[in-house]
Amino acid sequence: MASACEEIIAQLEECHAKGFMHKAGGGCNDVKEKVNQCLRAERSKMQDENRAAARAKRDKIKKAQQELGL
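Residues numbered from 1 in each chain as written. Predicted model: local features only at pLDDT ≥ 70, side-chain atom pairs only at ≥ 80, totals over all residues. Heavy atoms only, no water.

Asks: Looking at this model, I keep getting lost on the overall build of the chain. Mind explaining?
Replies: Of regular secondary structure, the chain possesses three helices and zero strands. Along the chain, helices (α) and strands (β) appear in the sequence α-α-α when read from the amino end. Computed over its C-alpha atoms, the radius of gyration of the chain comes to 21 Å, more than 25% above the 11 Å expected for a compact globule of 70 residues. Along the first, second and third principal axes, the C-alpha atoms of the chain reach 70 × 20 × 15 Å. In the chain, which comprises 70 residues, the share counted as buried stands at 13%. With an accessible surface of roughly 5,700 Å², the chain has 52% of that area assigned to carbon and sulfur atoms. Of note, the chain has its 14 positive side-chain charges centred 8 Å away from the centre of its 11 negative side-chain charges. (Helix = DSSP H or I, 4+ residues; strand = E, 2+ residues; numbered from the N terminus. Rg over C-alpha atoms; globule rule 2.2 N^0.38 Å. Buried < 20%, exposed > 50% of the residue type's maximum accessible area, 1.4 Å probe, protein only. Areas by Shrake-Rupley, 256 points an atom, 1.4 Å probe, with all protein chains shown as cover. Lys, Arg positive; Asp, Glu negative; His and termini not counted. Charge placed at Lys NZ, Arg CZ, Asp CG, Glu CD.)

Asks: Looking at this structure, I do not really get the environment of alanine 56. What am I missing?
Replies: Here alanine 56 lies in helix H3 (residues 29–68). Classification of alanine 56 as partly exposed rests on a relative accessible area of 48%. Between the C-alpha atom of alanine 56 and that of isoleucine 8, which follows or precedes it by 48 residues, the distance is 34 Å.

Right under this line is the structure:
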């Protein structure tokens, strides 16, 4: 899923490894926002693909029902 975001996630993990005070002081906020944006884009892409697949399946079922006269 998030293979496109792996590099950014690795950057966040490196930032978190710098210590609690760095993390708690907001030192990783910009990287965290980049991770969130990347994951949001990936999720949106997956939702679009799933929506298209569901639409195709629905159309196929409707066509089969029409052929059966239902």
